[in-house]
Amino acid sequence: MDDAVLLRAHQAAVGSAPAFRLTARNRRAVAQLCLRLDGIPLAVELAAVRLSAMTAEEILERLDDRFRLLSMARPRTSARGHHTLRGIVDWSYDLCTEGERLLWNRLSVFSGGFDLEAAETVCAGEGVPREDVLDLLAGLVDKSIVAVNSSGDRAGYSLLETIRQYGGQRLEEEGGTTRLRVRHSEFYRMTAVRAGQAWCGPREVDWLVRLRTDLPNLRTALDHCASRPDLAGDGLEIAVNLARTRCWFFSSTLGEGRHWLERLLATGNPSASATTRTPTLTAGALAMKAWIALCQGDNPEAETFLAECRAVARELPDGPSAAPVTYIEGAHAMLVRGDPASRALLAEARDRFRVAGQAGDAHMATMLWAMAEAFFGTQASASSARDVYVAEAEASGAEWARTWAQWCSGLVELRHGEAQRALAPPAAGPGAAAGDRGQLGSGLGPGDTGLGGGGHRRRHPGGVPSAPPTACVGTRGWR
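This structure, assessed with the given rule, holds 14 aromatic pairs. Pairing F187 with Y188 gives two aromatic rings, centres 4.9 Å apart and planes at 85°, and the pair type is edge-to-face. Just as F187 is buried, Y188 falls in that class too. Ring geometry for W404 and W407: centres 5.6 Å apart, planes at 65°, overall edge-to-face. Of this pair, W404 and W407 both sit in helix α23 (residues 399–416), 3 residues apart, which is roughly one turn of that helix. Take W404: its relative accessible area is 8%, and that puts it in the buried class. Using a relative accessible area of 21% as the deciding quantity, one classes W407 as partly exposed. In this structure an aromatic cluster arises from ring pairing among F110, F114, Y157, F187 and Y188.

This is the structure in structure tokens:
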């Protein structure tokens, strides 16, 4: 927070609340207060008036209703001194056209920011034609109601929190909140689905960057769906596809991914379940939840989730051999039990995912299958699986896949070939620039082998792992 804003807050407090002092204890709360008030001078001064009867921490707790909280006039004799925060924003609202006001109200459903496509899809209709959204948005930018950031490939827009809350109150008054919330959730459901379909392809990094940017809105959509039993299926689709794209992994928020899956699986409307929560979707969500538990090293819970997945699988056309179920069975067999049967299970999951057209899931199954062959197979089977995986990774154009193909090649050399060759740097290729993007963490800490979250490993005298670790790929520190 700018020291100048803190100084303004302190000066305002001295005039309105003589007993108040800015101290090491309350400095952080005051800075957070100024930040959440967007540094608006009038808002800061009105909050300072409240410091005569409340602490900064107490004011922070009540900022979700800031227009009521900051409605008292400032203690000055001038006419300007009797302005309230809502009065000032009312004045700006009155300067807008009818269309701009409608759009302002509707934009309040976004969290963090939005782009033009989102604004057009969510906010158009009922008095705001889709073709007019761009011009209305430009008008709000010109009036400094909406901020724009054009530094990326797509322009990003945002509202100050004070402006957003005001629009939200207006939207509630006109009875449009529920309708817009549903549209917002549907837009971000489709965003997650599209990202899941593009996973393990040439644009995977672009999609991961977009998902990271959209996380505030995705969280809002997930929360809305979790609060509506009839939308629980839509929320599960969002959560499953975010896990499918490894969004939570690359954002180092793996525990959050599990939280949403658990919360949404616990939400449901029996009368709507036939259309919104199919057994296929539920089984896929349970498989993802078990996968995340494996990656967290939470083997007992992974066992529980796997049992739930098996139970739901009985309702599927393919039964227990359905692709997501077979995949998690194979992953559990390899990573927890060290069972050579994982080779056949993962190979079967790979084939079933490919038949279903789920390229990203098929690639994950191929990767684990190649690893299982390296650990439990012969030199010939391990080399063959490695060659298949490397070829698919190169053909996919996915930078993430290429790096794992290099890792898997090193593992095969370590287990079945020449250990020194496993240390050889890979030849520069199309994926060499992946690390230069600077947009995503690698997910691997210093010294990580890529397989493991710190679990114990069994080694033979030569120091080569004789079985995979009891955790998951590249997850040290993610909980």
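With 17 residues, helix α17 (residues 279–295) ought to run about 24 Å at 1.5 Å a step, and its terminal C-alpha atoms sit 24 Å apart, in line with that. The positive-phi residue at the C-terminal boundary of α17 is G297, with phi of around 75°.

Below, the discussion takes up the pairing of strand β1 (residues 146–149). Both β1 and strand β2 (residues 156–159) contribute to a ladder of 4 bridges, which runs antiparallel. Looking at the pairing, N149 lines up with G156 of β2. Turn length for the β1-β2 hairpin, with the two strands adjacent in sequence and antiparallel, is 6 residues.

Moving on, we get to the nonpolar core. Judged by nonpolar contacts, the single largest core of 113 residues is most densely connected at L107 and W291. Core analysis: the second largest hydrophobic core is formed by 15 residues, V30, L33, L63 and L85 among them.

All right, on to the packing of helix α7 (residues 98–107) against helix α10 (residues 161–173) then. One way to put it is that α7 packs onto α10 with a least axis distance of 7 Å and a crossing angle of 105°. Of the possible angle classes, the one that applies to α7 and α10 is roughly perpendicular. Mapping the contact onto sequence places W104, N105 and R106 in α7 and I163, Y166, G167, R170 and L171 in α10. Here the residues of the contact of α7 with α10 sort into 4 nonpolar, 2 polar and 2 charged.

Moving on to the pattern of salt bridges. Side chains that differ in sign of charge can pair as their charged atoms come close. Applying the stated rule across the entire model yields 33 salt bridges. Measuring nitrogen to oxygen at the nearest pair gives 3.7 Å for the salt bridge that ties R86 to E173. Taken together, the positions of R86 in helix α6 (residues 85–94) and E173 in helix α10 put the pair 87 residues apart, joining distant regions of the chain. A relative accessible area of 22% places R86 in the partly exposed class. For E173, a relative accessible area of 55% gives the class exposed. Between E126 and R183 there is a salt bridge whose closest N-O contact spans 2.4 Å. Placement of the pair is E126 in the loop between α8 (116–123) and α9 (133–142) and R183 in helix α11 (residues 177–198), with a sequence separation of 57 residues. Shared partners join several salt bridges into a network, and the residues in it are R86, D90, R170 and E173.

What counts as what
- Residues numbered from 1 in each chain as written.
- Predicted model: local features only at pLDDT ≥ 70, side-chain atom pairs only at ≥ 80, totals over all residues.
- Heavy atoms only, no water.
- Phe/Tyr/Trp six-rings, centres within 6.5 Å; stacked < 30°, edge-to-face > 60°.
- Buried < 20%, exposed > 50% of the residue type's maximum accessible area, 1.4 Å probe, protein only.
- Helix = DSSP H or I, 4+ residues; strand = E, 2+ residues; numbered from the N terminus.
- Expected span 1.5 Å × (residues − 1).
- Pairing = 2+ DSSP bridges.
- Core = buried A, V, L, I, M, F, W, Y, C linked by side-chain atoms within 4.5 Å.
- Axes fitted to C-alpha atoms, helices over the stretch in contact; angles between N-to-C directions.
- Parallel < 35°, antiparallel > 145°, perpendicular 65-115°, else oblique.
- Contact = heavy atoms within 4.5 Å.
- Nonpolar A, V, L, I, M, F, W, Y, C, P; charged D, E, K, R; others polar.
- Salt bridge = Lys/Arg side-chain N within 4 Å of Asp/Glu carboxyl O.

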